[in-house]
Amino acid sequence: IISDGHTWFRDPQVYAYFDRLVDDGFFDEFEQVIFYGSGSCGYAAAAFSVAAPGATVIAVQPQATLDPRVTEWDDRFVKMRRTDFTTRYGYAPDMLDAAEQAYVIYDPYVAMDAAHAAMFTRSNVKKLRIPNMGSNLQSEMKKMDVLLPLILTAADDNLTTLKFAKLMRARRNNRAYLYRLVQKCDSEGRGALTKMLCEHVTGRFKAPRFAKRLAKFDADPAQD
């Protein structure tokens, strides 16, 4: 299901569509059902999974709700605050009660995403953290060619924390991730570690940003 813009799929016609699927026994025709989505689609993957009890849910950076009475601290989607998140298929974490297993994937250093992830705390929810990957996890996982393997591993009911960590080792070749590490080291005043990281990256890739940062150490050794 594709939305025209960021709608969070909050529309009576969408609810009616899933109602028809349930009434027609559509999901009963499959041995396995997986709901996947990222961001607003991650919210929808969780929210509509209730239509297929026993499903597997993979939600990347999902929002639990945008009801301002619950998440007024999230100022990223102010335009959605008049949208009703209290009626059918509304509060995504509650809709996961019928799921066999749900995975919530997020960067714990993105404060808003981490706060929403906390709201998904359930016995059948496994939280998988990717520190320092930022707010575009789906795009970065695609670049690292780990998204499909991740979904297939979850389909085999075998997405353990260890296997997830092994998949995410691909971050070592992801320049956006590596540069966030540089920024984090800089912000914490860990000059020696920043220099080591820049030397490591420039020794493996053609990486102008890292080379430029490394040149600053050569110009000012006191940063070490």
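Presented here is an overview of the structure given in this document. Computed from a predicted structure; not experimentally measured. Along each chain, numbering runs from 1 in the same order as the chain's sequence is written. At least 70 in pLDDT is required for a residue's local features to be given in this predicted model, at least 80 for side-chain atom pairs to be given and counted, and no such filter applies to totals for whole chains, interfaces and linings, which use all residues. Heavy atoms throughout the structure, all of them, feed into the side-chain values; hydrogens and water do not.

## Quick look at the overall build of the protein
A helix here means a DSSP run of H or I that spans at least four residues, while a strand means a run of E at least two residues long, and both kinds are numbered starting from the N terminus. Summing up its helical and strand segments, the protein has eleven helices and four strands in all. Three labels apply to residues, based on accessible area from a 1.4 Å probe with only protein chains included: buried if under 20% of the type maximum, exposed if over 50%, partly exposed otherwise in between. Every one of the 224 residues in the protein was classed for burial, and the buried ones make up 46%. For the protein, the accessible surface area stands at approximately 12200 Å², while carbon and sulfur atoms represent 51% of it. Charged side chains of the protein number 30 positive and 28 negative; the gap between the two group centres comes to 9 Å. With residues, only the protein chains shown are counted as cover, and all accessible areas are computed by Shrake-Rupley using a 1.4 Å probe. Charge counting follows a simple rule: Lys and Arg are positive, Asp and Glu are negative, and His as well as the terminal groups are ignored. By convention, the point assigned to a charge is CZ for Arg, NZ for Lys, CD for Glu and CG for Asp.

## Description of the sheet that holds strand β1 (residues 34-38)
Two strands are counted as paired when DSSP detects at least two bridges linking them. Strand order across the open sheet formed by four strands is β1-β2-β3-β4, with parallel pairing between neighbours. Lying at the two open borders of the sheet, with one neighbouring strand each, are β1 and β4 (125-129). Ignoring which end each strand starts from, the neighbouring axes of this sheet average 10 degrees apart. As judged from the five bridges shared by strand β2 (residues 56-60) and strand β3 (residues 101-106), these two strands associate in the parallel manner. Its bridge partner lying in β3, isoleucine 58 is registered against tyrosine 103. The strands touched by helix α5 (residues 111-118) within the sheet are β3 and β4, with β3 carrying the most contacts at an inclination of about 165 degrees. Packed onto the sheet, helix α7 (residues 147-155) meets β1, β2 and β3 and runs at close to 150 degrees relative to β2. Lines fitted to C-alpha atoms define the axes, with helix axes restricted to the stretch in contact, and inter-axis angles between N-to-C directions lie between 0 and 180 degrees. In this analysis, two residues are considered to be in contact whenever any of their non-hydrogen atoms come within 4.5 Å of each other.

## Quick word on the pairing of β1
Two elements, β1 and β2, share five bridges in a ladder whose sense is parallel. Its bridge partner lying in β2, isoleucine 34 is registered against threonine 56. Classification remark: right-handed applies to a crossover when, strands pointing away from the viewer, the course from the first strand over the helix to the second runs clockwise. A crossover links β1 with its parallel partner β2, the connecting element being helix α2 (residues 40-48), and its sense is right-handed.

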